[in-house]
Protein chains: 4
Amino acid sequence: MTLTPEQQAEIDELRSQPRQTLRAVSEGMEAHLYKAVPVLDHGFVRVVDYMGDDAAITQAARVSYGRGTKAVSNDEGLIRYLMRHWHSTPFEMCELKLHVKLPVFVARQWIRHRTANVNEYSARYSILDREFYIPEPDALAAQSVVNNQGRGEALSGEEAARVLEWLKSDAGRAYDHYQEMISTEGQQGLARELARMNLPANIYTQWYWKVDLHNLFHFLRLRADAHAQYEIRVYAEAICAMVKDWVPFAYSAFEDYRLGGAVLSARGLECVKRMLAGEEVTQETSGMSKGEWREFSSMLDG
Amino acid sequence: MTLTPEQQAEIDELRSQPRQTLRAVSEGMEAHLYKAVPVLDHGFVRVVDYMGDDAAITQAARVSYGRGTKAVSNDEGLIRYLMRHWHSTPFEMCELKLHVKLPVFVARQWIRHRTANVNEYSARYSILDREFYIPEPDALAAQSVVNNQGRGEALSGEEAARVLEWLKSDAGRAYDHYQEMISTEGQQGLARELARMNLPANIYTQWYWKVDLHNLFHFLRLRADAHAQYEIRVYAEAICAMVKDWVPFAYSAFEDYRLGGAVLSARGLECVKRMLAGEEVTQETSGMSKGEWREFSSMLDG
Amino acid sequence: MTLTPEQQAEIDELRSQPRQTLRAVSEGMEAHLYKAVPVLDHGFVRVVDYMGDDAAITQAARVSYGRGTKAVSNDEGLIRYLMRHWHSTPFEMCELKLHVKLPVFVARQWIRHRTANVNEYSARYSILDREFYIPEPDALAAQSVVNNQGRGEALSGEEAARVLEWLKSDAGRAYDHYQEMISTEGQQGLARELARMNLPANIYTQWYWKVDLHNLFHFLRLRADAHAQYEIRVYAEAICAMVKDWVPFAYSAFEDYRLGGAVLSARGLECVKRMLAGEEVTQETSGMSKGEWREFSSMLDG
Amino acid sequence: MTLTPEQQAEIDELRSQPRQTLRAVSEGMEAHLYKAVPVLDHGFVRVVDYMGDDAAITQAARVSYGRGTKAVSNDEGLIRYLMRHWHSTPFEMCELKLHVKLPVFVARQWIRHRTANVNEYSARYSILDREFYIPEPDALAAQSVVNNQGRGEALSGEEAARVLEWLKSDAGRAYDHYQEMISTEGQQGLARELARMNLPANIYTQWYWKVDLHNLFHFLRLRADAHAQYEIRVYAEAICAMVKDWVPFAYSAFEDYRLGGAVLSARGLECVKRMLAGEEVTQETSGMSKGEWREFSSMLDG
């Protein structure tokens, strides 16, 4: 990732000017503010603003006037209770605003999460930079042979080299032509809103993305999951690290009840009961399909 | 409105402890934080938290790294441009969290605005206070004779007195029975989630309500409007006064383009053009229905 | 529940006039259309319209041109896969529109589910009917002694009689005064938007409620749950019966993976593994709080 | 646009099998069902399903039991009233499901409208077809010189030819490499979720898109507008033609009050009043900025 000196100077300036506020402050998050955490080869995530902290969650749940006199330990217990019982609205009372730089094909996955506010850099209005995501060799994976929607081993050296060469040269040529098309030197110059169509999906874009904590947890559960595509998962993991410092009780409950937890179907629950009663249950006697049984078994073995 | 001494003490304590933050700070809003602005006889609105300021709107619109070097005058111009051209997403980058105490029948109108986060005081879990909205005499209006959904003149003295007496005595009796039903003195005590059904719609409830600035403007345009029911309009007006201090450029653009503006239909626009060309247009020649023409005329006369 | 002869005649007429359509048709749902299923003493749920069927879910998941040539058994397997892996968007491709008559305090719980479209009968504009929810004796429950948000035993005879008497007489008196306040006989007549504030929360209201199948399942999971308040649960159960006939594969997957399933926390999963390995795990060695352990144990025993 | 014979056969089959339903039927929309309306060079829009008709809007507004006995003329008047007074919820009671084939850069604009349900063809799971949007010569426009976000004249012959050549050859080469990268002939084969990153933004994708009528009107107002990018506007216009046949009263009100209407700011309204009173108003005396005045003047001249 490369920030220009001007960008870095702007960030430094913002971090050098603390101001007074009466609002809830999360010291853990203040330490992250504005800093750009590198993700992939040219991307980043940085916190631009936040609202609330762990106490704001319990305060909303109690509809109280102030922080109350409850001990901190009560806050943690209440947060765990709310998470366990799917009381989602108190978590919606915290809000996070991020500035993210990411490849377009990642942005297209990300935007499917609709309950967020987005402002994307406009390629109708502005000119995109010459920056493309080119995977590291160990991220250059073959198609999975067991799962249509997944990856297998990393590609071997020669095949990998060929792929990388194509990714680089095609992106470079596409960008050269993009520039030549919009140039007004000795010609009219194609409209930007049209010229962008020549650019591949690994070009980087940027956006401001703002979301409440409940919906952020939902995003993180799906995108920090082992089945998520690697290129979005690294963004989700970078965000997890920030959220952990921002609202430590809520994040810990999220880890326990969502990220690290498991969902049992009625059939799965029945099987667990039978197994605890000493019965040996197999796929045939489980009532599950093969795929379901494989997932069930790996959950209990994992 | 009555805050208990404990509630006032909590508010005072929160206002006495400024902390340092690196986030955007709106001085205008800091002055409002936590204070309870009285609305109706027992209600209030108070700001519990906010995110962003005028500069945060333009920063998101530009997807920029910092505040940039743009002069403030540019910010105002850009904000007016965004509002005029219905670019709503930059306004979504500001967020407001309010604590509101309001009669249930007002809450029922308010909640129709779905793009907000809400945590309401739970009458399944807790006991509601004995506080009811009883209108001031000048708010005790007759049904409009021209509009099925509106009010006419204030009721005359005797009729008003009878209405007030019923409102007070029915509410009081209902609350007495509510208390007796849930009491566990010498009896089992009815479940709170059931006993609440005896309480009338003018009892006060409370909630935390969090919304982004774009959706807040939509709420305010509908509810600060002269056609909104008086009892919700006074809440909207109290919020307008806060927003004006929070994001003065955005609020000013909202006043000009939304609150004080007008929408012309294609027919209305055509009529205006004909009138400007010197033609005398009447309802008959306008192509409008009587109701539409009345609204059109009052817009141009108003 | 009472429909007037006019209402029943309108329903009968609608059911007597089948028309031709090229759209997906669910025979199971056609049998329900327009009929009013009684709920509580004066309420009902009736299907006013629906979009899609089981095949519409898989068709959207495959983004296909028609129904394809896939066997029905594949549809069921795919639907179960989608449900198990939280692929929610295909379920959003089905839509249901209901007409519901329900007490106001139930409506207030219901409306918290924000991802739906609602049109409620307007008490600003129209006059509410004299219909109140009065619980059956076995639904007249005491406050739970173990759970602040729940019910215990039914009230004993004398206490129950007293409560019922209050509920009936307070509602009746409130409605009498409502009528007298809005009357224009020999007086101005209070505005309807004000007079309604005198009415208690057990008065019935009505609305049209439209929701997609994914969000409907979310609603049903929370409201058909044993912990939901009885008065909303009976509505959820009535809807479940309709959905089962509308989209039998999707409903069956919902029952297995959501309604009848269970969520294990990371700690809970760890305990299950230890138990399956032969260890005797107690609350003390589980790492769970007492409340959590109680829920965990009852899940495995239940 | 090219449908394969198999796709056309599926469509024909669906249109050949009318079934009976008790639901509201819109004859105008039945005529469109399943047919693919060509848009751009390889795209299309086709209606897959719909819910409701004009009568469904007024039925929901009245929360009525059936169609009622109101004359059709009342329906039209009520629909115009609802549209004029921003009563949006009755329009939400109609729903439309479309199957759309569109270039990726158009899909990226479209998806910003978040209040819709979307199922997109998955390039993680499946292989994209070799189909790219290549503009017609008259759509190959230069960047506007007066508006950063717009188009000017069509490019001249030589420049246009050069641009077209680049668009075609870059897309072709990128697709060749895409195919070679995912091929498993004599190599491992790159994962599809990675290989897609080499494809440019003018490649076609497909999705199912489902939206309620209120939010569809909002989409159409912005995207059928003269300022929208041409490549999304043609989709919006194709949808307008369908909606006009589906809900003719609602569409007519939409045309009059939204598409063909105009919004006056408070300043603009004041200027109109002064002009009607005979005053000559100029930009200098209008209180508007130059940009605002230009838009205001062109509205009154247009």
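Residues numbered from 1 in each chain as written. Chains lettered and ligands numbered in written order. Predicted model: local features only at pLDDT ≥ 70, side-chain atom pairs only at ≥ 80, totals over all residues. Heavy atoms only, no water.

(A) Examining the overall build of chain A more closely. A count of helices and strands for chain A gives 13 helices and 9 strands. Once the C-alpha set of chain A is aligned to its principal axes, its extents read approximately 80 × 60 × 30 Å. The buried share among the 302 residues of chain A stands at 59%. Restricting the contact set of chain A to residue pairs at least 6 apart, pairs at least 24 apart contribute 68%. One finds the centroid of the 34 positive side-chain charges in chain A at a distance of 5 Å from the centroid of its 42 negative side-chain charges. (Helix = DSSP H or I, 4+ residues; strand = E, 2+ residues; numbered from the N terminus. Buried < 20%, exposed > 50% of the residue type's maximum accessible area, 1.4 Å probe, protein only. Contact = heavy atoms within 4.5 Å. Lys, Arg positive; Asp, Glu negative; His and termini not counted. Charge placed at Lys NZ, Arg CZ, Asp CG, Glu CD.)

(B) Inspection of the UniProt feature "binding site: FAD" (unreviewed entry) in chain A at higher detail. Residues and elements named next belong to chain A. Mapped onto the present numbering, the UniProt feature "binding site: FAD" (unreviewed entry) falls at Thr89, Arg112, His113, Arg114, Glu120, Asp212, Leu213, His214 and His218. In summary, the annotated positions, distributed over 130 residues, remain apart in three dimensions as well, the widest C-alpha pair reaching 27.3 Å. By the element assignment, His214 lies in helix H8 (residues 213–223). As for its position among the elements, His218 is in helix H8. According to the relative accessible area criterion, His218 is partly exposed, its value standing at 36%. (UniProt positions renumbered as here; feature names shortened; annotations may be inferred.)

(C) Local environment of the relation of the copies chain B and chain A. Rotating chain B by 180 degrees and translating it 0.0 Å along the rotation axis places it on chain A, where the RMSD comes to 0.0 Å. Given the turn and translation reported, the copies of this chain are related as if by a two-fold rotation axis. Nearest to the rotation axis, the C-alpha of B:Gln20 is located 2.3 Å from it, this being the minimum over chain B. Most of the interface of chain B is mirrored in chain A, where 100% of its interface residues again form contacts. (Least-squares fit on C-alpha atoms with pLDDT ≥ 70 in both.)

(D) Spotlight on the packing of helix H13 (residues 290–301) of chain A against helix H11 (residues 266–276) of chain C. Between H13(A) and H11(C), the shortest axis-to-axis distance is 9 Å and the interhelical angle comes to 85 degrees. Of the possible angle classes, the one that applies to H13(A) and H11(C) is roughly perpendicular. In this structure, H13(A) uses A:Met299, A:Leu300 and A:Asp301 to contact H11(C), whose residues at the interface are C:Leu269, C:Val272, C:Lys273 and C:Leu276. Considered class by class, the residues forming the contact of H13(A) with H11(C) number 5 nonpolar, no polar and 2 charged. (Axes fitted to C-alpha atoms, helices over the stretch in contact; angles between N-to-C directions. Parallel < 35°, antiparallel > 145°, perpendicular 65-115°, else oblique. Nonpolar A, V, L, I, M, F, W, Y, C, P; charged D, E, K, R; others polar.)

(E) Structural view of the sheet that holds strand S4 (residues 95–103) of chain D. Residues and elements named next belong to chain D. With respect to topology, 5 strands assemble into an open sheet ordered S2-S3-S4-S8-S5, the strand pairing being antiparallel. Edge positions in the sheet fall to strand S2 (37–39) and strand S5 (117–120), since each of these pairs with one other strand and no more. Going from strand to strand, the sheet's axes swing by 25 degrees on average, the running direction of each strand aside. Examined bridge by bridge, S5 and strand S8 (residues 204–212) share 4 bridges and lie antiparallel to one another. Following the sheet pairing, Asn117 is matched in S8 by Lys210. (Pairing = 2+ DSSP bridges.)

(F) Region of interest: the relation of the copies chain B and chain C. Least-squares fitting of chain B to chain C yields an RMSD of 0.0 Å, with the superposition described by an axial translation of 0.0 Å and a rotation of 180 degrees. Most of the interface of chain B is mirrored in chain C, where 100% of its interface residues again form contacts.

(G) Spatial organisation of the interface of chain B and chain C. In this complex, chain B contributes 57 residues to the contact, which on the side of chain C involves 57 residues. It is B:Arg108, B:Arg124 and B:Met197 in chain B that bury the most area against chain C; as a group they hold 14% of the surface buried on that side. The tally of links from chain B across to chain C stands at 4 salt bridges. Put simply, C:Glu193 and B:Arg151 hold a salt bridge, and the shortest N to O gap is 2.4 Å. (Buried area = accessible area lost by both parts, 1.4 Å probe. Salt bridge = Lys/Arg side-chain N within 4 Å of Asp/Glu carboxyl O.)

(H) Highlighting the UniProt feature "active site" (unreviewed entry) in chain A. Residues and elements named next belong to chain A. Per the UniProt record, "active site" (unreviewed entry) is found at Arg223. Here Arg223 shows up in helix H8. Apart from the residues lying within four places of it in its own chain, the contact partners of Arg223 are Gln109, His113, Ala228, Ile232, Arg233 and Ala236. For Arg223, the side chain forms a polar contact with the side chain of His113, separated by 3.1 Å. (Polar contact = N/O pair within 3.5 Å; in protein donor to acceptor, adjacent residues only side chain to side chain.)

(I) Local environment of the state of the cysteines. A full pass over the atoms with the stated rule returns 0 disulfides over all chains. There is no disulfide at B:Cys240, and the cysteine sulfur nearest it, in B:Cys94, is 16 Å away. B:Cys271 supplies the cysteine sulfur nearest to D:Cys271, a cysteine that is in no disulfide, at a spacing of 20 Å. (Disulfide = S-S within 2.5 Å.)

(J) Fine view of a nonpolar patch on the surface. Together, A:Trp86, A:Val263, C:Trp86 and C:Val263 give the surface a local cluster of nonpolar side chains, amounting to about 310 Å² of exposed area. Within the secondary structure layout, A:Trp86 lies in the loop between helix H4 (72–84) and strand S4 (95–103). (Patch = residues over 30% accessible without salt bridge, like charges linked within 9 Å, V, L, I, M, F, W, Y side chains within 5 Å. Areas by Shrake-Rupley, 256 points an atom, 1.4 Å probe, with all protein chains shown as cover.)

(K) Broad picture of the interface of chain B and chain A. Residue-level contacts link 56 residues of chain B with 56 residues of chain A. Counting each side, the surface lost to burial between chain B and chain A is near 5300 Å², with a carbon and sulfur contribution of 52%. Where chain B meets chain A, there are 6 salt bridges. A salt bridge links A:Glu27 to B:Arg19; its shortest N-O distance comes to 2.9 Å. Counting every contact that joins chain B to chain A gives 32 residue pairs in polar contact (both at pLDDT 80 or more).

(L) Local environment of the pattern of salt bridges. In this structure the tally under the stated criterion is 80 salt bridges over all chains. Two residues, A:Arg267 and C:Asp256, come together in a salt bridge whose shortest N-O distance is 3.4 Å. Highlighted residues: A:Arg267 in helix H11 (residues 266–276) and C:Asp256 in helix H10 (residues 248–259), drawn from two different chains. Under the relative-accessibility criterion, A:Arg267 is labelled partly exposed at 31%. Residues D:Arg80 and B:Glu292 are paired through a salt bridge, measuring 3.2 Å at the closest nitrogen-oxygen approach. In this pair, D:Arg80 sits in helix H4 (residues 72–84) while B:Glu292 sits in helix H13 (residues 290–301), so the two residues belong to two different chains. Overlapping salt bridges, with partners in common, bring together A:Arg80, A:Arg84, A:Asp256, C:Arg267, C:Glu292 and C:Glu295 in one network.

(M) Structural view of the packing of aromatic side chains. Here the structure, examined in full by the defined rule, presents 52 aromatic pairs over all chains. When the centroid spacing of 5.0 Å and the interplanar angle of 50 degrees are considered together, the rings of A:Trp209 and A:Phe219 count as tilted. In this pair, A:Trp209 is assigned in strand S8 (residues 204–212) and A:Phe219 in helix H8, connecting sequence segments 10 residues apart. Per residue, the accessibility class of A:Trp209 equals that of A:Phe219, and both read buried. Considering the side-chain rings of C:Trp110 and C:Trp207, the 6.0 Å spacing of their centres and the 80 degrees angle between planes classify their relative orientation as edge-to-face. With C:Trp110 in helix H5 (residues 104–110) and C:Trp207 in strand S8 (residues 204–212), this pair connects stretches of sequence that are 97 residues apart. On the basis of relative accessible area, C:Trp207 is assigned to the buried category, the value being 1%. Here a set of aromatic residues connected by ring pairs shows up, and it is made of A:Trp110, A:Trp207, A:Trp209, A:Phe219 and A:Tyr235. Across from the ring centre of A:Trp86, 3.8 Å away, lies the NZ or CZ of A:Arg258, which sits over that ring. (Phe/Tyr/Trp six-rings, centres within 6.5 Å; stacked < 30°, edge-to-face > 60°. Lys NZ or Arg CZ within 6 Å of the ring centre and 35° of its normal.)

(N) Focus on the environment of B:Gln59. Relative to the helices and strands, B:Gln59 resides in helix H3 (residues 54–62). On the accessibility criterion, B:Gln59 (9% relative accessible area) is buried. Along the chain, B:Gln59 and B:Val104 lie 45 residues apart, while their C-alpha atoms are 39 Å from each other. Separated by 3.3 Å, the side chains of B:Gln59 and A:Tyr208 make a polar contact.

(O) Spatial organisation of the nonpolar core. Membership of the largest hydrophobic core comes to 174 residues, with the highest contact counts inside it found for A:Trp110, A:Leu213, D:Trp110 and D:Leu213. Discounting chain neighbours no more than four positions away, the residues touching D:Leu213 are D:Ile57, D:Phe91, D:Cys94, D:Val243, D:Trp246, D:Val247 and D:Ala250. (Core = buried A, V, L, I, M, F, W, Y, C linked by side-chain atoms within 4.5 Å.)

(P) Looking closely at the pairing of strand S3 (residues 43–51) of chain B. All names here are of chain B. Most of S3 is tucked away: 9 of the 9 residues are buried. One ladder, built from 3 bridges, connects strand S2 (residues 37–39) with S3; its direction is antiparallel. Opposite Pro38, over in S3, you have Phe44 as the bridge partner. Summarising the sheet, S3 and strand S4 (residues 95–103) pair through 7 bridges and their orientation is antiparallel. Within the sheet, the bridge partner assigned to Val47 lies in S4 and is Leu98.

(Q) Seen up close, the environment of B:Ala116. Secondary-structure assignment places B:Ala116 in the loop between helix H5 (104–110) and strand S5 (117–120). Beyond its immediate stretch of four places on either side in the chain, B:Ala116 contacts B:Trp209, B:Lys210, B:Val211 and C:Arg114.

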